[in-house]
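So you can see what is in the structure, the chains are spelled out below.
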Amino acid sequence: MSKPILYMATLSPPSRAVMLTAKAIGLELEYKPINLLKGEHLTPEFIKMNPQHTIPTLVDGDAIIYDSHAICCYLVEKYAKDDQLYPKDLLKRAQVDARLHFDSGHLFARLRFLYEPILYYGSTDCSIDKIAYIQKCWEIMEGFLADHPYVCGDHLTIADFCCVATITSVNDVAPIDEFKFPKFLAWLKRLSELPYYKDTNEEGAEELKRIFKEKLAENRGAK
């Protein structure tokens, strides 16, 4: 049986969320790297497969799935030995779904609002307002973690993977105050101690932050 194929980029937080999920459930994926900065996601072949031309994109047999959150849910449902990462209990699942929407609608949306113009369109706008807009999410994360070690309670879920992949891609630009958000920072440390975390998430997140800073400096130098 062939491995599911993941079109991905290590720079992409959503790609890394899927990769973390696969590692957690012991699933081997075949990786097909896509260079976003070179526009490899905009080829006719890729758009035919995924009209949104986004990564990650999963091909599993005849199934093609895009959106990282949908892929994470699918992989756990199909390949995990149990449902702890994405519970079948309706109330628990609703909480995980809510956190996934928080990632897509708030965390990643605000990262993209800052990063995309600089990475792709020559912008120099890394304003205090944009940074503060991201940091408003840190207050919410502290609230999620007020009474539990993970964003959905006492157990690790795919919501933790999706949120941490985004947060660690922007936390240098939008620093997390250690005095205001101790539980949030403790959660980040907890996730960083997973045996597959460094290779699967940390290195890509650090690379993205480095490229962002270099691109911002380059754009400002060109003005």
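Relevant structure appears above.
What you see is a predicted model, and the numbers here were worked out from it, not measured in a lab.

Peer 1: Looking at this model, I keep getting lost on the sheet that holds strand β4 (residues 63-66). Mind explaining?
Peer 2: Strand pairing in a sheet is mediated by backbone hydrogen bonds. Such pairs are either parallel or antiparallel. Ordered by their spatial adjacency, four strands build an open sheet running β2-β1-β3-β4, and the pairing between neighbours is mixed. Edge strands, defined here as strands with exactly one partner in the open sheet, are β2 (30-33) and β4. When the angles between neighbouring strand axes are averaged without regard to direction, this sheet yields 20 degrees. Packing against the sheet, helix α1 (residues 13-24) makes contact with β1 (5-8) and β2, and its axis sits at approximately 150 degrees to β1.

Peer 1: When you look at the side chain of Thr200 in this model, what are you seeing that I'm missing?
Peer 2: Relative to the helices and strands, Thr200 resides in helix α8 (residues 197-222). Residue class for Thr200 comes out buried when judged on its relative accessible area of 5%. Of note is the side chain of Thr200, whose polar atom sits 2.6 Å from the backbone oxygen of Tyr196. Not counting residues within four places of it along the chain, the set of residues in contact with Thr200 comprises Arg16, Met19, Leu20 and Lys23.

Peer 1: What's the story with the layout of surface pockets in this structure? I'm lost.
Peer 2: If a probe the size of a water molecule is rolled over the atoms, the empty space left behind becomes visible. Space inside the largest pocket adds up to approximately 950 Å³. As for the largest pocket, its lining consists of 36 residues, of which Ser12, Leu36, Ile55, Phe108 and Arg112 are closest to the centre. Of all elements in the fold, only α1, α3 (68-79), α4 (90-121) and α8 reach the threshold of two or more residues within the lining of the largest pocket. At eleven residues, α4 tops the list of elements feeding residues into the lining of the largest pocket. Within the lining of the largest pocket, the residues separate by chemical class into 22 nonpolar, ten polar and four charged. Taken as a whole, the second largest pocket holds about 200 Å³ of empty space.

Peer 1: Before we go on, may I ask you to explain the nonpolar core in this structure?
Peer 2: Trp138, Ile167, Phe184 and Trp187 are the most contacted members of the largest nonpolar core, which totals 66 residues. No other element matches the nine residues that α4 contributes to this core. Judged by nonpolar contacts, the second largest core, of seven residues, contains Tyr7, Ala9, Ile34 and Met49.

Peer 1: Can you help me understand α1 in this one?
Peer 2: Three or four residues apart is the spacing at which side chains of an α-helix point the same way, because the helix has 3.6 residues per turn. In this model α1 runs 16 Å from its N-terminal to its C-terminal C-alpha over twelve residues, within 8% of the 16 Å that 1.5 Å per residue would give. Across the twelve residues that make up α1, a large majority, ten, are buried. Within the sequence span of α1, burial applies to Pro13, Pro14, Ser15, Arg16, Ala17, Val18, Met19, Leu20, Thr21 and Ala22. Elements that come into contact with the buried residues of α1 comprise β1, β2, α3, α4, α6 (158-167) and α8. Once α1 ends, the next one or two residues include Gly26, with phi positive near 70 degrees.

Peer 1: Even after reading the chapter, I still don't get the pattern of salt bridges, so can you show me in this structure?
Peer 2: As a working rule, side chains carrying opposite charge can pair if their charged atoms are close by. Scanning the model with the defined rule gives 14 salt bridges in all. Among the ionic pairs, Glu30 bridges to Lys32, the shortest N-O distance being 3.5 Å.

About the criteria used
- Residues numbered from 1 in each chain as written.
- Predicted model: local features only at pLDDT ≥ 70, side-chain atom pairs only at ≥ 80, totals over all residues.
- Heavy atoms only, no water.
- Pairing = 2+ DSSP bridges.
- Helix = DSSP H or I, 4+ residues; strand = E, 2+ residues; numbered from the N terminus.
- Axes fitted to C-alpha atoms, helices over the stretch in contact; angles between N-to-C directions.
- Contact = heavy atoms within 4.5 Å.
- Buried < 20%, exposed > 50% of the residue type's maximum accessible area, 1.4 Å probe, protein only.
- Polar contact = N/O pair within 3.5 Å; in protein donor to acceptor, adjacent residues only side chain to side chain.
- 1 Å grid on protein atoms, 1.4 Å probe; cavity = no way out; pocket = protein on both sides within 12 Å on 5 of 7 lines; lining within 4 Å.
- Points joined across faces, edges and corners; volume = space filled by probe spheres on them.
- Nonpolar A, V, L, I, M, F, W, Y, C, P; charged D, E, K, R; others polar.
- Core = buried A, V, L, I, M, F, W, Y, C linked by side-chain atoms within 4.5 Å.
- Expected span 1.5 Å × (residues − 1).
- Salt bridge = Lys/Arg side-chain N within 4 Å of Asp/Glu carboxyl O.

Without other data, these values stay purely geometric and don't point to any function.
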